[in-house]
Amino acid sequence: MKLFLRSLYVFIIIHSIVLFYFIANIISRPIRALTRITSRLHEEDFQSPLVNIKYPDEIGELNNSVIVLQSNLNESREKNKKLTSGLEEEISRRTSQLESAHKKLMEAQIHAKIVNFDFNFSTKTFYISDNFKTLVGVDTNTSLSFNEIIELIHEEDREEVRE
């Protein structure tokens, strides 16, 4: 009788373990599927078909949320493509226009004998146009210090420039 009971216990334990394994596998299958789906979304694979897990519990709700997330990501990606399409061409076109306008401005300054200069307070550097250097007889490749620039300005205007 003892041997029979022992055998029965072993049989019940083994069958319980096997039954637990199958139940755990059934329960975790949708979670593993959702894990694979979210991994594909993480890799920016927004086109892969999603498994529609039809469970009336939290797993089903999570699956529905992932489906909505994929849809929203696809919509956002398409909107982004529409917004950025042609942006590089537009930047190139506008840069070209700006360069052309700058060239015309520099030519106009030369013909009108107008100069421009600027002082950058954060870097404490002085910018003067090549036309200024040409008009005062300095080589355009020469770098001038602040004091050298002040010496090139008419005496009556120096104090105003210093301020």
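Please refer to the structure higher up on the page.
It should be emphasised that the depicted structure is a prediction, and the values quoted were computed from it without experimental measurement. (Residues numbered from 1 in each chain as written. Predicted model: local features only at pLDDT ≥ 70, side-chain atom pairs only at ≥ 80, totals over all residues. Heavy atoms only, no water.)

Within the secondary structure, serine 129 is located in the loop between strand 2 (125–128) and helix 4 (130–136). Using a relative accessible area of 1% as the deciding quantity, one classes serine 129 as buried. Ignoring any residue separated from it by four or fewer positions in sequence, one finds serine 129 in contact with Val115 and Asn116. (Helix = DSSP H or I, 4+ residues; strand = E, 2+ residues; numbered from the N terminus. Buried < 20%, exposed > 50% of the residue type's maximum accessible area, 1.4 Å probe, protein only. Contact = heavy atoms within 4.5 Å.)

This part takes up the packing of aromatic side chains. Tallied over the entire structure, the rule returns one aromatic pair. Ring centres 5.6 Å apart and planes at 70 degrees place the aromatic pair tyrosine 21 and phenylalanine 22 in the edge-to-face group. Residue tyrosine 21 is classed as exposed on the basis of its relative accessible area, which comes to 52%. (Phe/Tyr/Trp six-rings, centres within 6.5 Å; stacked < 30°, edge-to-face > 60°.)

What follows deals with the environment of glutamine 70. Residue placement: glutamine 70 occurs in helix 2 (residues 58–84). In this structure, the C-alpha to C-alpha distance between glutamine 70 and tyrosine 127, residues 57 residues apart in sequence, is 53 Å.

This paragraph deals with the pattern of salt bridges. Think of it this way: side chains of opposite charge can pair up when their charged atoms draw near. All told, the structure shown has five salt bridges when counted by the stated rule. In this structure, glutamate 90 engages arginine 93 in a salt bridge whose closest nitrogen and oxygen atoms are separated by 2.6 Å. Here the residue glutamate 90 and the residue arginine 93 both occupy positions in helix 3 (residues 87–112), the gap between them amounting to three residues, near one helical turn. Note on glutamate 90: relative accessible area 27%, which makes it partly exposed. (Salt bridge = Lys/Arg side-chain N within 4 Å of Asp/Glu carboxyl O.)

Once that is clear, we can look at helix 2. One turn of an α-helix holds 3.6 residues; hence residues three or four places apart share an orientation. Between the first and last C-alpha of helix 2 there are 38 Å, a value that for 27 residues agrees with the 39 Å anticipated at 1.5 Å per step. On its buried side, helix 2 packs onto helix 1 (2–42). By the N-cap criterion, in which a side-chain oxygen at the helix start approaches the backbone nitrogen of a residue two or three places on, helix 2 is capped by aspartate 57, the distance to isoleucine 59 being 3.1 Å. Just downstream of helix 2 lies glycine 86, where phi reads positive at about 80 degrees. (Expected span 1.5 Å × (residues − 1). Polar contact = N/O pair within 3.5 Å; in protein donor to acceptor, adjacent residues only side chain to side chain.)

Pairing analysis gives four bridges linking strand 1 (residues 117–120) to strand 2, with the strands arranged antiparallel. Note that in strand 2 the partner of asparagine 120 across the bridge is threonine 125. Linking strand 1 to strand 2, which pair antiparallel, is a turn of four residues; within it lysine 124 sits at a positive phi near 55 degrees. (Pairing = 2+ DSSP bridges.)

Moving on, we come to the packing of helix 1 against helix 2. Following both chains from N to C, one finds helix 1 and helix 2 inclined at 15 degrees, their axes separated by 11 Å at the closest point. As summarised for this structure, helix 1 and helix 2 are arranged roughly parallel, according to the angle between their axes. Judged by the sense of rotation from one axis to the other, the crossing of helix 1 with helix 2 is left-handed. In contact with Pro30, Ile31, Leu34, Ile37, Thr38 and Leu41 of helix 1, helix 2 contributes Ile59, Leu62, Asn63, Val66, Leu69, Gln70 and Leu73. A class-by-class count of the residues in the contact of helix 1 with helix 2 yields 10 nonpolar, three polar and no charged. (Axes fitted to C-alpha atoms, helices over the stretch in contact; angles between N-to-C directions. Parallel < 35°, antiparallel > 145°, perpendicular 65-115°, else oblique. Left-handed = near helix turned anticlockwise from the far one by under 90°. Nonpolar A, V, L, I, M, F, W, Y, C, P; charged D, E, K, R; others polar.)

Core analysis: the largest hydrophobic core is formed by eight residues, namely Ala33, Leu34, Ile37, Leu41, Phe46, Ile53, Ile59 and Val66. When residues of this core are traced back to their parent elements, those giving at least two are helix 1 and helix 2. Considering each element in turn, this core owes the most residues, four residues, to helix 1. Discounting residues that sit within four places of it in the chain, isoleucine 59 has contacts with Pro30, Ile31, Leu34 and Ile53. With seven residues, the next largest nonpolar core counts Phe132, Val138, Ile150 and Ile153 among its residues. (Core = buried A, V, L, I, M, F, W, Y, C linked by side-chain atoms within 4.5 Å.)

Note that all results are geometric; they support no functional claim without further evidence.
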